[in-house]
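Each chain, letter by letter, is given below.
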Amino acid sequence: MNRETNLRPAIVAELPTSMSAGAQSPPSNLAALSSTPVPDRGAVASLKRRFANQNAALVVTFFALLFIAPLLPGFKGWMAAQISLVIVYIIAAQGVSILSGYTGLVSVGHGGFLAIGAYTAALLMKHLGINLIVCIVAGAVASGFVGLLMGLIFLRLAGPFMAIGTLGFAFFVGTIVNNVPYFEGRTGISLPANQVLGIKIGDIGFYYVSVIFLALVTLFIFSLVRSSVGRAFKALRDSEKAAQSSGVNRLFYRTLAFTISAAITGAAGALNGLVAHYVSAEVYSDIWYSVDILVAAVVGGSAMLMGPILGGAFVALLPYFFETLADFSFILKGVALIAVLMFAPAGLGDVLARPFRAIRRRQLIAAGMRPLDPVAPSSRAATTSEGQH
């Protein structure tokens, strides 16, 4: 007994110091874990809902301002016509964004769909006397049908090959409207006054029709991107092989993207011809229409809902402010496109959204969200001032 009692202190003394230190490490780890704030999921979710409501309120405010603009003192008819042309570019850029932003396909031929929509509406109005709304819808349907065929034809193309193929399509459409007598070539088709339900409307009336179509297209794209179809588009954009291995039908969704994109651009073309009361091959055989639409989508941010609004306004208003220096506006468009691709690949909308996104992220982290968590789709919904998703 005495021998065992004498050995115990020696054995305890020879134990490694690391073991004794390690025995005290769990309490320190527990203390560190207890000091970490526990995420308040209810507060974070409430904050995200508030951000989504703010986004919706800003979008509603934007369209409300468009609706009340003609009621302001000093607003003239020519201003309504000019804003209607801006809306045409915005809607056309929204059509391109379906392909370039959400599906990852590059098209340089959407000027052809613009021409199809414009000529469809013009011929129906001239020969059948159909009212404005039906002409716009018919232009969208005709362009959508051609887009369906193009989607099947260009199914195996991607990248620069897709761009060259769609460019050839735009040249083909321009050649047809320029040389087939039925389309009246460069003489053009003059159109009567626009009518809605038998009532003639002027520039301000057409302005309201354009704003309504812009609101409908924006709402449609907002819903589409957040649906299963939109998620399939983005999956194909990010990785076609991974999307196909997950069950995404590449043939169906690429063709659907072409169809939707062409239909939206065709509606813009119908609006473009009807607001000018004139459709001519001198206008629609110009390949620069296709380039302008693509520039509008890329500069504003093709993968952002409100990006085409910024890009469309930029492209449409640039020649207006540089009317005496028309060639300089083309140079400035090229410089802007190069600058955006170099310094802001996601577009101007993303640049404007960054400070607002940073403020929201700090608020979410303060509410308990882990720093690595995403801000959430609802808080990245598109807004006029933020330009977010």
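Keep in mind that what you see is a predicted model, and the values were worked out from it rather than measured. (Residues numbered from 1 in each chain as written. Predicted model: local features only at pLDDT ≥ 70, side-chain atom pairs only at ≥ 80, totals over all residues. Heavy atoms only, no water.)

Participant: Mind showing me how you'd approach a nonpolar patch on the surface here?
Facilitator: Taken together, the side chains of Leu65, Phe67, Ile68, Leu71, Ile212 and Leu216 make up a nonpolar region of the molecular surface, amounting to roughly 580 Å² of accessible area. Contributing elements (two or more residues each) for the nonpolar patch: helix H3 (41-68) and helix H8 (203-225). No other element matches the 3 residues that H3 contributes to the nonpolar patch. Positionally, isoleucine 68 belongs in helix H3. Overall, the relative accessible area of 41% leaves isoleucine 68 in the partly exposed class. (Patch = residues over 30% accessible without salt bridge, like charges linked within 9 Å, V, L, I, M, F, W, Y side chains within 5 Å. Areas by Shrake-Rupley, 256 points an atom, 1.4 Å probe, with all protein chains shown as cover. Salt bridge = Lys/Arg side-chain N within 4 Å of Asp/Glu carboxyl O. Helix = DSSP H or I, 4+ residues; strand = E, 2+ residues; numbered from the N terminus. Buried < 20%, exposed > 50% of the residue type's maximum accessible area, 1.4 Å probe, protein only.)

Participant: Looking at this structure, how should I read the packing of aromatic side chains?
Facilitator: Aromatic ring pairs are defined here through the distance separating the ring centres and the angle between the ring planes. Summed over the entire model, instances satisfying the criterion amount to 13 aromatic pairs. With a centroid separation of 5.7 Å and 75° between ring planes, the pair formed by tyrosine 182 and phenylalanine 183 is classed as edge-to-face. Owing to a relative accessible area of 49%, tyrosine 182 belongs among the partly exposed residues under this scheme. An aromatic cluster is built from Tyr89, Tyr119, Tyr182, Phe183, Tyr284 and Tyr289, whose rings are joined through pairwise contacts. (Phe/Tyr/Trp six-rings, centres within 6.5 Å; stacked < 30°, edge-to-face > 60°.)

Participant: Quick question: what am I supposed to make of the pattern of salt bridges here?
Facilitator: Between side chains of opposite charge, pairing is possible as soon as their charged atoms come close. Taken as a whole and assessed by the stated rule, the structure comprises 6 salt bridges. Arginine 254 is the salt-bridge partner of glutamate 240, the closest N and O atoms lying 3.4 Å from each other. Remark: arginine 254 occurs in helix H11 (residues 250-276) and glutamate 240 occurs in helix H10 (residues 240-245); sequence separation between them is 14 residues. We note a salt bridge from aspartate 350 to arginine 357, for which the minimum N-O separation is 3.2 Å. For aspartate 350, a relative accessible area of 11% corresponds to the buried category.

Participant: I'm lost on the nonpolar core in this one. Help?
Facilitator: Side chains of a nonpolar character, in soluble globular proteins, are inclined to be buried together. By size, the foremost hydrophobic cluster in this structure holds 91 residues, and its most contacted members are Ile91, Ile98, Tyr119, Ile136, Ile221, Leu274 and Tyr284. In contact with isoleucine 221, other than residues within four places in its own chain, are Gln94, Ile98, Tyr102, Ile264 and Leu305. By size, the runner-up hydrophobic cluster in this structure holds 5 residues, among which are Val44, Phe51, Leu364 and Met369. (Core = buried A, V, L, I, M, F, W, Y, C linked by side-chain atoms within 4.5 Å. Contact = heavy atoms within 4.5 Å.)

Participant: Even after reading the chapter, I still don't get the environment of phenylalanine 172, so can you show me in this structure?
Facilitator: Within the secondary structure layout, phenylalanine 172 lies in helix H7 (residues 160-179). Taking relative accessible area as the criterion, phenylalanine 172 reaches 53% and is therefore assigned exposed. The sequence separation of phenylalanine 172 and glycine 112 amounts to 60 residues, and the corresponding C-alpha distance is 8.1 Å.

Participant: What am I meant to see in the packing of helix H6 (residues 132-153) against H11 here?
Facilitator: Packed helix pairs are specified by the crossing angle of their axes together with the interaxial distance, meaning the distance between the axes. As a packed pair, H6 and H11 sit with axes 6 Å apart at the nearest point and diverge in direction by 145°. You can see that H6 and H11 cross each other, and the crossing is right-handed. Residues Leu132, Cys135, Ile136, Gly139, Ala140, Ser143, Gly144, Gly147, Leu148, Met150, Gly151 and Leu152 of H6 touch H11, and the partners they reach there are Leu251, Thr255, Phe258, Thr259, Ala262, Ala263, Gly266, Ala267, Ala270, Leu271 and Leu274. Of the residues in the contact of H6 with H11, the class split is 15 nonpolar, 8 polar and no charged. (Axes fitted to C-alpha atoms, helices over the stretch in contact; angles between N-to-C directions. Left-handed = near helix turned anticlockwise from the far one by under 90°. Nonpolar A, V, L, I, M, F, W, Y, C, P; charged D, E, K, R; others polar.)

Participant: How do you make sense of unusual backbone geometry when you look at a structure like this?
Facilitator: Among all residues save glycine, negative phi is the norm, and among peptide bonds the norm is trans. Within the chain, glutamate 184 stands out as a residue other than glycine whose phi angle is a positive 65°. Tracing the chain through its elements places glutamate 184 in the loop between H7 and strand S1 (189-190). The exposure class of glutamate 184 is partly exposed, given its relative accessible area of 25%.

Participant: Please clarify how helix H5 (residues 110-128) should be interpreted in this entry.
Facilitator: Spacing of three or four residues puts side chains on the same side of an α-helix, whose turn is 3.6 residues. Here H5 is 19 residues long and its end C-alpha atoms lie 27 Å apart, about the 27 Å a rise of 1.5 Å per residue gives. Most of H5 sits out of view: 15 of its 19 residues are buried. Glycine 129 sits one or two positions beyond H5 and adopts a positive phi of about 65°. (Expected span 1.5 Å × (residues − 1).)

The values reported here are purely geometric and, on their own, carry no functional implication.
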